[in-house]
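Summary of structural features
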Amino acid sequence: MAKASRWAILLMAATLLAISACAPIQSGATAGAGSNAGDAPGSLVIYSGRSENLVGPIIAQFAESTGIDVQVRYGSTSEIAAALLEEGANSPADVFFAQDPGGLGAVANAGLVAELPETILTQVKPAFRSPTGQWVGVSGRARVVVYNTDMVTPAELPADIWDFTAPEWSGRIGWAPTNGSFQAMVTAMRVIWGDEKTAEWLEGIQANNPVVFEGNSPIVQAVAAGEIEVGFVNHYYLYRFLKEEGEGFKARNHFLTGGGPGSLVMVAGVSRLASGKNDANALKFIEFLTSPEAQQYFTEQTNEYPVIDGVAGPEGLTPLEELNAIDVDLTDLADLRGTTQLLSEVGVLP
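From a predicted model like this one, the values you see are computed outputs, not experimental measurements. (Residues numbered from 1 in each chain as written. Predicted model: local features only at pLDDT ≥ 70, side-chain atom pairs only at ≥ 80, totals over all residues. Heavy atoms only, no water.)

1. Looking at helix H6 (residues 180–193)
Side chains three or four residues apart in an α-helix point the same way, a direct result of the helix having 3.6 residues per turn. This is how it is decided: Strands are runs of DSSP state E lasting at least two residues, helices are runs of H or I lasting at least four, and both sets are numbered from the N terminus onward. Expected helix span is computed as 1.5 Å times (number of residues minus one). Only protein chains enter the area calculation, which uses a 1.4 Å probe; residues under 20% of their type maximum are buried, those over 50% are exposed, and those in between are partly exposed. Pairs of residues are marked as contacts when any of their non-hydrogen atoms sit within 4.5 Å.
With 14 residues, H6 extends 19 Å from end C-alpha to end C-alpha; this agrees with the ideal 20 Å at 1.5 Å per step. Across the 14 residues of H6, twelve count as buried, placing the element largely inside the fold. Every buried residue of H6 is accounted for by Gly 180, Ser 181, Phe 182, Gln 183, Ala 184, Met 185, Val 186, Thr 187, Ala 188, Met 189, Arg 190 and Trp 193. In the core, the buried residues of H6 are packed alongside strand S5 (136–148), strand S6 (173–175), helix H7 (195–207), strand S8 (230–234), strand S10 (265–273) and helix H12 (336–345).

2. Describing the pattern of salt bridges
Quick note on the threshold: Any carboxyl oxygen of Asp or Glu that lies within 4 Å of a side-chain nitrogen of Lys or Arg is treated as forming a salt bridge with it.
In total, this model carries nine salt bridges according to the counting rule given. Of the charged contacts, one joins Arg 172 and Glu 229 as a salt bridge, the two residues approaching to 2.9 Å between their closest N and O atoms. A residue pair is termed long-range when its members are at least 10 positions apart, and Arg 172 in the loop between S5 and S6 and Glu 229 in the loop between helix H8 (216–224) and S8 qualify at 57 residues. For the pair Arg 172 and Glu 229, a shared accessibility class is recorded, and that class is buried. A salt bridge links Arg 272 to Asp 279; the nearest nitrogen and oxygen atoms lie 2.8 Å apart. The class of Arg 272 is buried, set by a relative accessible area of 10%.

3. Things to note about the packing of aromatic side chains
For the record, the criterion: The rule is short: rings of Phe, Tyr and Trp, with Trp giving its six-membered ring, pair when the centres are within 6.5 Å, and they are stacked under 30 degrees, edge-to-face over 60, tilted in between. For a Lys NZ or an Arg CZ to count as sitting over a ring, it must be within 6 Å of the ring centre and within 35 degrees of the ring normal.
Evaluation of the coordinates by the stated rule reveals 13 aromatic pairs. Ring geometry for Phe 164 against Phe 232: centres 5.4 Å apart, planes inclined by 75°, an arrangement best described as edge-to-face. Here Phe 164, found in the loop between S5 and S6, pairs with Phe 232, found in strand S8; they are 68 residues apart in sequence, far enough to count as distant. Pairing Phe 182 with Trp 201 gives two aromatic rings, centres 6.5 Å apart and planes at 35°, and the pair type is tilted. Of this pair, Phe 182 sits in helix H6 while Trp 201 sits in helix H7; the two residues are 19 residues apart in sequence, bridging distant segments of the chain. Under the relative-accessibility criterion, Phe 182 is labelled buried at 1%. Members of the aromatic cluster, joined through ring pairs, are Phe 164, Trp 169, Trp 175, Phe 182, Trp 201 and Phe 232. One cation-aromatic arrangement involves Arg 172 over Trp 169; the distance from NZ or CZ to the ring centre is 4.0 Å. Over the face of the ring belonging to Trp 162 we find Lys 197, whose NZ or CZ atom lies 5.1 Å from the ring centre.

The quantities given are spatial measurements derived from coordinates; they are silent on function.
See below:
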């Protein structure tokens, strides 16, 4: 079977999975106790802060290959993290699949996750896993500036994200302050710069009248349409549009070379909930996500970087080791609450 056809079938399966599973979870249904007993495949409840169009096919593949009854609740990482914190030990979730380490850290710091076994942790490069074993990375994502190729040249773009506070960028910028990855970048700013300088940056961008979007995809689309000239996004969103619209799509990525907080490489990752009823299946799923097969899915279908050795990165992307990425411990990006509080204090969030 051709690879494209295979993933198309899996996407259809993911849609059916969401129809049958997502609503019951959102209405409060839980997986049955003892679902891993005997020879039955059992159940698995995933709370996903990653969107269905990105991870639905790979979740469907896991369900299809194992026979496990997988139920998924989708939402933003911050929404899902907040739900887990509110539900606590009463949550039906077995696995938290997060867009960024901030959400993972917030849930881990609340004592809601169980340590992962070394057999899973050692599959992933040390930079992309929790040193205390509380979560493991699944795919790597670089923060970039997406720019309109008719309106801006790479030579005009700053090396450091701080420089976008200059008045010359007024009315030209798009951002998504409610997006989890954006908030992870702001958390990195707080770690590197401190809260005072981070607040100055936020106020400087605000003074430049940025256009506010709900997420990364609308920013990329608006850049290509010339509605804005640049936007702060994750690298892989551009490639969806290039696949659909071809090389004539008038947007490209620029990785900031200055090595500051805007030069951040993050991971999407997973953790196992300590209160989960389907522990064995949770471990099976996490082990599957760190397998070469699943890693190949992320590189080929979502254009994200692999986090294990032996899997080539996405074709045409600069290898991670060649990026001048900021040197920050991803576990330091856990203070999501402090970041949202700062965003509210400076008027970026209501």
